[in-house]
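Residue-level listing of the chains:
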Amino acid sequence: MWPLALIWGFFAALRNWLYDINFLNGAEFEVPSISIGNLSMGGSGKTPMTEYFILHFKEVFNIAVLSRGYRRKSSGFKIAKTNDNYTIIGDEPRQIKAKFNDIVVAVGESRAMAIPQIISHAPQTNLIILDDAFQHRSVKPALNVLLTPYHEPFWKDHLFPMGWLREQRSNSKRADIIMVTKCPQDFNASDEARIKSEFQPDKDQKMFFATVQYHLPYQLFMPQNKKAIDNQTSVLLFSGIADGKELNEYLSAAAKEVFWVEFDDHYNYEQSDLETLQETFANLDSPNKMILTTEKDAVRLEPYMNYILSQQLEIYCLPIQVRLIGSNKDQFDNLVFQFINFYNSAN
């Protein structure tokens, strides 16, 4: 695969070089933006990190979230509405809009074209979060946050198709913050020191660490019904996400047993899939069992709400949140404020 990786790397490097010499220019706006992205293809926790920023800064800023709306069936710029389903705006924007209906969520292929439209639609906006924007340099953000998963950090990966990197590792220098995501629950000071020694961030870069915090599962379409998972629970897990290893590991430790049905990332479910899952669940020989999925998968099940309710198919959804860990975790929010204030003062 190395010849193909060289070709891929050449075009990625050429594009970045054109931006570096200002032949291609990233647009700047008076409203500051935060770019959340990664170097690799696949899941590094961008949507939970976007939700972290919303939860921690929405009381101070009027936030808008801008995404490309990956795999949506619409095109062009669109402000998400409460009743838009995932086919119109994409599953991740739909998830964010469903959880934070009071903020502006928009989708658009061109971020440079979309930001003025957001500001025109919601003039009170004073912070825009750019989802999955590290490679898309058409906008210069106030803060560049680069995510990388603990078990598969980008500095141990290779360019596609030899590995999963979209561009060279050296481009991590564009990041202001390196966030190591999906750290294990028993993450400790020696783990932190080892990672910092492996990567050695630049003097102007800050490195932080985060883990996933799981909450009590709630029933799909009936969120008031919640159910705990314990060592007597048999779990039928189904998911269509990029990386479910940490989720499976968590459930394997919490439950009696886990039966995991994997679908492709962003998979479009059909009623036949639900029928198969229903049959599989019925055949589980356990007095205490549950069907479980993720919040990202849940929004792709919304078109089948009537079927799920009529069949009394109790599907539970496992909510997650990002939790910062490590020796400098308490510095993160203040650092974000500093970047935004510096950007505002410079503009």
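Presented here is an overview of the structure given in this document. (Residues numbered from 1 in each chain as written. Predicted model: local features only at pLDDT ≥ 70, side-chain atom pairs only at ≥ 80, totals over all residues. Heavy atoms only, no water.)

Within the protein chain, the secondary structure is distributed over eleven helices and 15 strands. Its C-alpha atoms give the protein chain a radius of gyration of 21 Å, within 12% of the compact-globule value 20 Å for 347 residues. For the C-alpha atoms alone, the extent of the protein chain along its principal axes is close to 65 × 45 × 45 Å. Evaluated residue by residue, the protein chain yields a buried proportion of 51% over its 347 residues. For the protein chain, the proportion of contacts with a sequence separation of at least 24, taken over those separated by at least 6, is 77%. Accessible area for the protein chain stands at about 16,700 Å²; split by element, carbon and sulfur atoms hold 51% of it. (Helix = DSSP H or I, 4+ residues; strand = E, 2+ residues; numbered from the N terminus. Rg over C-alpha atoms; globule rule 2.2 N^0.38 Å. Buried < 20%, exposed > 50% of the residue type's maximum accessible area, 1.4 Å probe, protein only. Contact = heavy atoms within 4.5 Å. Areas by Shrake-Rupley, 256 points an atom, 1.4 Å probe, with all protein chains shown as cover.)

On to the sheet that holds strand β4 (residues 104-107). Reading across the sheet, the nine strands line up as β3-β4-β2-β5-β1-β6-β7-β8-β15 and stay open at both edges, with mixed pairing between neighbours. The sheet terminates laterally at β3 (78-79) and β15 (320-325), the two strands that pair on one side only. Examined bridge by bridge, strand β6 (residues 143-149) and strand β7 (residues 177-183) share five bridges and lie parallel to one another. Bridged to L146 within β7 is I178. Of the strands in this sheet, β2 (63-67), β4, β5 (127-131) and β15 touch helix α4 (residues 91-99), which is tilted by about 170° from β4. (Pairing = 2+ DSSP bridges. Axes fitted to C-alpha atoms, helices over the stretch in contact; angles between N-to-C directions.)

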